[in-house]
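So you can see what is in the structure, the chains are spelled out below.
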Amino acid sequence: MTRADGRNADELRPVTLTRGWTRNPEGSVLVSFGDTRVLCTASVTEGVPRWRKGSGEGWVTAEYAMLPRSTNTRGDRESVKGRIGGRTQEISRLIGRSLRACLDFKALGENSIVLDCDVLQADGGTRTAAITGAYVALADAIAWMGGRRILAASPGKVLHRSVSAISVGVIDGEPRLDLPYEEDVRADVDMNVVCTGTGEFVEVQGTGEHDVFDRALLDKLLDLASAGCVQLAEAQRKALAS
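All of these numbers come straight from a predicted model, not from anything done at the bench.

Caption draft 1: Examining the pattern of salt bridges more closely. Evaluated as defined, the whole model comprises 15 salt bridges. Arg13 is paired through a salt bridge with Asp123; the nearest N and O atoms lie 3.9 Å apart. Taken together, the residues span a long stretch of sequence, with Arg13 in the segment before β1 (15-19) and Asp123 in the loop between β5 (111-121) and α4 (126-147) at a distance of 110 residues. Looking at Arg13, the relative accessible area reads 5%, which means it is buried.

Caption draft 2: Region of interest: the environment of Ala241. Considering the arrangement of structural elements, one finds Ala241 in helix α7 (residues 215-241). For the pair Ala241 and Glu182, spaced 59 residues apart in the sequence, the C-alpha separation amounts to 34 Å.

Caption draft 3: Fine view of the nonpolar core. Counting 60 residues, the largest nonpolar core has Ile95, Leu99, Leu103, Ile113, Leu115 and Leu138 as the members making the most contacts within it. With 12 residues, α4 is the largest single contributor of residues to this core. When near neighbours in sequence (up to four residues on either side) are disregarded, Leu99 contacts Leu115, Ile131, Ala134, Tyr135 and Leu138.

Caption draft 4: Just the state of the cysteines, in detail. For the structure shown, the criterion picks out zero disulfides. Cysteine Cys40 is unpaired, with the sulfur of Cys117 as its nearest cysteine sulfur at 4.0 Å. Relative accessible area serves as the criterion here: at 0%, Cys40 is assigned to the buried category. Just so you know, Cys102 is unpaired, no disulfide at all, and the nearest cysteine sulfur is the one on Cys117, 13 Å from it.

Caption draft 5: Broad picture of the sheet that holds strand β8 (residues 189-196). Within the open sheet, the four strands sit side by side as β7-β6-β8-β9. Their pairing is antiparallel. Looking at which strands have only one partner, the edges of the open sheet turn out to be β7 (174-177) and β9 (201-208). Here the average twist between neighbouring strands, direction ignored, is 15°. The sheet contact formed by strand β6 (residues 163-171) and β7 spans four bridges and is antiparallel. Bridging from a neighbouring strand, Gly169 pairs with Arg176 of β7. Of the strands in this sheet, β6, β7, β8 and β9 are in contact with α7, which crosses β6 at around 140°.

Caption draft 6: Layout of the sheet that holds β1. Pairing in this open sheet of five strands is mixed, and the strands run β1-β2-β3-β5-β4 from one edge to the other. Since the sheet does not close on itself, it has two edges, and those belong to β1 and β4 (59-66), each with one partner. Neighbouring strand axes in the sheet, compared pairwise and without regard to direction, differ in orientation by 20° on average. Set on the sheet, α4 makes contact with β1, β2 (27-33), β3 (36-46), β4 and β5; between it and β3 the angle comes to about 35°. Seen against the sheet, α7 touches β1 and β2 and runs at an angle of roughly 30° to β1.

Caption draft 7: The arrangement of α7 in detail. Here α7 contains 27 residues, and its C-alpha end-to-end distance of 39 Å stays within 8% of the 39 Å for a straight helix at 1.5 Å per residue. If you check which residues of α7 are buried, you get Leu217, Leu221, Leu222, Leu224, Ala225, Gly228, Cys229, Leu232, Ala233, Gln236 and Ala239. Its side-chain oxygen 3.3 Å from the backbone nitrogen of Ala216, Asp214 forms the N-cap of α7.

Caption draft 8: Broad picture of the packing of aromatic side chains. A full pass over the atoms with the stated rule returns two aromatic pairs. Ring centres of Trp51 and Trp59 lie 5.0 Å apart, and the angle between their planes is 80°; this geometry places the pair in the edge-to-face category. What makes Trp51 exposed here is its relative accessible area of 58%. Using a relative accessible area of 19% as the deciding quantity, one classes Trp59 as buried. Chaining the aromatic ring pairs together yields one cluster made of Trp51, Trp59 and Phe105. A cation sits over an aromatic face here: Arg52 above Phe105, 5.0 Å from the ring centre.

Conventions and cut-offs
- What you see as residue numbers is a count from 1 along each chain, following the sequence as written.
- Under the rules for a predicted model, residues below a pLDDT of 70 receive no local features and side-chain atom pairs below 80 are neither given nor counted, while totals for whole chains, interfaces and linings still include all residues.
- Only hydrogens and water are set aside; all other atoms, that is, all heavy atoms of the structure, feed into the side-chain values.
- A carboxyl oxygen of Asp or Glu within 4 Å of a side-chain nitrogen of Lys or Arg is what we treat as a salt bridge.
- Each helix is a run of DSSP H or I of at least 4 residues and each strand a run of E of at least 2, with the numbering of both proceeding from the N terminus.
- In this scheme, a residue with accessible area under 20% of its type's maximum is buried, one over 50% is exposed, and one in between is partly exposed, where area comes from a 1.4 Å probe on protein chains only.
- We define the nonpolar core as a collection of buried residues of types Ala, Val, Leu, Ile, Met, Phe, Trp, Tyr and Cys that are connected through side-chain atoms lying within 4.5 Å of one another.
- Every residue pair with non-hydrogen atoms within 4.5 Å of one another is taken to be in contact.
- Cysteine sulfur atoms are paired as a disulfide whenever they fall within 2.5 Å.
- Note: two strands are recorded as paired if DSSP finds a minimum of 2 bridges between them.
- Here an angle of 0 to 180 degrees is reported between the N-to-C directions of two axes, which are lines fitted to C-alpha atoms, with helices fitted over the stretch in contact.
- Here a helix's expected span is defined as the number of its residues, less one, multiplied by 1.5 Å.
- Here a polar contact is taken to be a pair of N or O atoms separated by no more than 3.5 Å, where protein atoms must pair a possible hydrogen donor with a possible acceptor and residues adjacent in sequence count only if both atoms sit in side chains.
- The pairing test for Phe, Tyr and Trp rings, Trp by its six-membered ring, is centres within 6.5 Å, and the orientation test on the planes gives stacked under 30 degrees, edge-to-face over 60, and tilted for anything in between.
- Remark: a charge is flagged as sitting over a ring if the NZ atom of Lys or the CZ atom of Arg is within 6 Å of the ring centre and within 35 degrees of the ring normal.

Spelled out as structure tokens, the structure:
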């Protein structure tokens, strides 16, 4: 079937990773998946949370937020509401878990890195774009730390694998890769898949939104997502080599 943007079912939207997009953080990347744009920054501090002190291990955490007019209608800032929404907390934790999967915390030493992922424009796949961009921002921050000799080991030992993420789903009976908003909202089955650069799964979030799915369809969706993450890992590699 023809998609609204003319892509094939197994085709990613155009992906760009622009490093150094802001000058103050130790790592910053503007990531675009089509019309979805997320600013990912990595901020380094010496020391770790109290429960981690004395362990010799570092820590990485993440925060996710959407700008008020990143969508078609303005949403109130959660800081004004006085509480963080459940969706925001869920995505923040997902990003943190995903990025921690690529780190050796002993090699990081007792240092902390906070990854802030702010959605500038949302058109589906904001959490997967955030994970993909945050990895590149994290890599730049760790390289910055290595240059100042504040790591317990070399940057290559700290960040020992890459991580990216992509959405897949079933729309009109067809498995599709990298769903924009207009597909995401009507998907019968919707999944977000996080993979390492060598093909292992970090996390799989799958839901039968309007229909159930069997093992054969699950396998098709995972194969589609794995192939997409291979392409994203190559985009990350090229961005970091530039």
